[in-house]
Each structure stands twice: as C-alpha cells, then as structure tokens.
Amino acid sequence: MAHRCRCQVLANKIPLTRASHSKRLAAILVALGCVFPALILGGCSEYDQARRIYVQGRYDDAFGRMLKMAQAGDNRAQYDVAMMYVQGIGTTKELELGFGWMIEAAKSGNIGAMNELGAIYESGVGAQRNLPVAFQWYRLAARADDSIGQFNVANMYARGIGAVSYTHLRAHETDSY
C-alpha cells in the first residue's frame, strides 16, 4: 500500500458529497493548507517517502527507492545512495560504488556531496589525499553560497592551500621595475 500524506488523509475524512457547505469549505481549506505547502516544499514527494521509510529503519526498502531515484538523476537520492553504500546501510558496503555516486551527486549540484568529496580528498580516507582537488570541491560548495564550503575554503586558505603563497610570488618577481 502506498503511503499517503497526512494532508490527504485529513481531507478524505470529510465526505464532500453529503457534507454541509461549511464542512466542504473546511475540507477544502485543510486540503489547500496542506497541498500548497507540500507542492512548494515537496512534503509528500517520492524522496520524502523514501526518507520516511529510512527513518523507520526499513533500510533495504529505502535503499531500493533511493537507488531508483538516483538513477533517474535526483541528486539528493544520489547523495543518500552514496552514503548508504559507504556505510553498508540497506545494501552491502561498496566503497567504490559509494564514491561514484558521491561524484555523480556533486556534479549534479548536491552541496553536501561537494563538501563530502572535499573532506575525502583532504583527509585521504576513501581516496588518495589530494589537497588541490579537495580545495576545488570545497570552492564549488562555497560558490553555491554554502557556509560549510565557505568555512572549508577559508580554512584551506589559512593553511596556505588553494592560494599562491608569498614565497611563491617572491620567487617569480623580476628586477625590472
């Protein structure tokens, strides 16, 4: 049985055919009050249903649903599938598949995946340590106005990563001024 939003359940409790005008109006207002926010916020989306199933501890079912959405291009689901593969939740632990989905999610615009890839490349856990690549992923997140990405970029700048160092500039100066 497919899950229905609480909004749909509430609206269906008042039969519209035999209800008085005030009850019909109340049912319509309940439906509109729930449907419009759901449309704007995606409150009853397929993704939200899969997340709800995950929270309920039905990991295998959640993984199957997330994988289907990830394959269809949903970058939120791509990120979740990546994390589920990496942690072995709802599926077998497959670091390479998780890393691949993480890259796909980041390339699709998922800011969490961008920061995660930055952390992976910065730490060298899960991939070979590569600070310039880490900086690039953090910078993409920062450019998307993400405060975590901005912090990570600032932190790397403070450590001299991602910026041309003063000694590097001095080595390339010429005496022709």
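Conventions we followed
Residues numbered from 1 in each chain as written. Predicted model: local features only at pLDDT ≥ 70, side-chain atom pairs only at ≥ 80, totals over all residues. Heavy atoms only, no water. Helix = DSSP H or I, 4+ residues; strand = E, 2+ residues; numbered from the N terminus. Buried < 20%, exposed > 50% of the residue type's maximum accessible area, 1.4 Å probe, protein only. Axes fitted to C-alpha atoms, helices over the stretch in contact; angles between N-to-C directions. Parallel < 35°, antiparallel > 145°, perpendicular 65-115°, else oblique. Left-handed = near helix turned anticlockwise from the far one by under 90°. Contact = heavy atoms within 4.5 Å. Nonpolar A, V, L, I, M, F, W, Y, C, P; charged D, E, K, R; others polar. pLDDT = per-residue confidence, 0-100. Salt bridge = Lys/Arg side-chain N within 4 Å of Asp/Glu carboxyl O.

Checked against the element boundaries, Gln78 lands in helix α5 (residues 75-87). Judged by its relative accessible area of 2%, Gln78 is buried.

Direction vectors running N to C along helix α3 (residues 46-55) and α5 enclose 25 degrees, while the axes themselves pass 11 Å from each other. With respect to α5, the element α3 is oriented roughly parallel. Regarding α3 and α5, the two cross each other, and that crossing is left-handed. Within the contact between the two elements, α3 uses Tyr47, Arg51 and Tyr54 and α5 uses Arg76, Ala77, Asp80 and Met84. Across the contact of α3 with α5, the residue classes break down as four nonpolar, no polar and three charged.

Running from N to C, helix α6 (residues 95-107) and helix α7 (residues 111-123) cross one another at 130 degrees; their axes reach a closest spacing of 8 Å. One element, α6, and the other, α7, form an angle in the oblique class. The handedness of the crossing between α6 and α7 is left-handed. Of the residues in α7, those touching α6 at Phe99, Met102, Ile103, Ala105 and Ala106 are Ala113, Met114, Glu116, Leu117, Ile120 and Tyr121. Class assignment for the residues of the contact of α6 with α7 results in 10 nonpolar, no polar and one charged.

Before going further, it helps to examine the confidence of the model for the chain. Summing up the model confidence of the chain, the mean pLDDT is 81 and the portion of residues at 70 or higher is 67%. Note that residues 1-19 has pLDDT below 50 and, in this model, 17 contacts with residues that lie over four places away or in other chains. Contacts for the low-pLDDT stretch residues 165-177, under 50 throughout, to residues beyond four places or in other chains number one contact.

The phi dihedral of Asp145 falls on the positive side, at around 70 degrees, and the residue is not glycine. Positionally, Asp145 belongs in the loop between α8 (131-143) and α9 (147-158). When its relative accessible area of 64% is taken as the criterion, Asp145 is described as exposed.

Evaluated as defined, the whole model comprises five salt bridges. Residue Arg65 is joined to Asp61 by a salt bridge in which the shortest nitrogen-to-oxygen separation is 3.1 Å. Placement of the pair is Arg65 and Asp61 together in helix α4 (residues 59-71), with a separation of four residues, close to one helical turn. Given a relative accessible area of 29%, Asp61 falls into the partly exposed group. One salt bridge in this structure joins Arg159 and Glu122, with 2.8 Å as the shortest N-O distance. Taken together, the positions of Arg159 in the loop between α9 and α10 (166-171) and Glu122 in helix α7 put the pair 37 residues apart, joining distant regions of the chain. Overall, the relative accessible area of 41% leaves Arg159 in the partly exposed class. We classify Glu122 as buried; its relative accessible area is 16%. Within the structure, one salt-bridge network assembled from shared partners comprises Arg58, Asp61 and Arg65.

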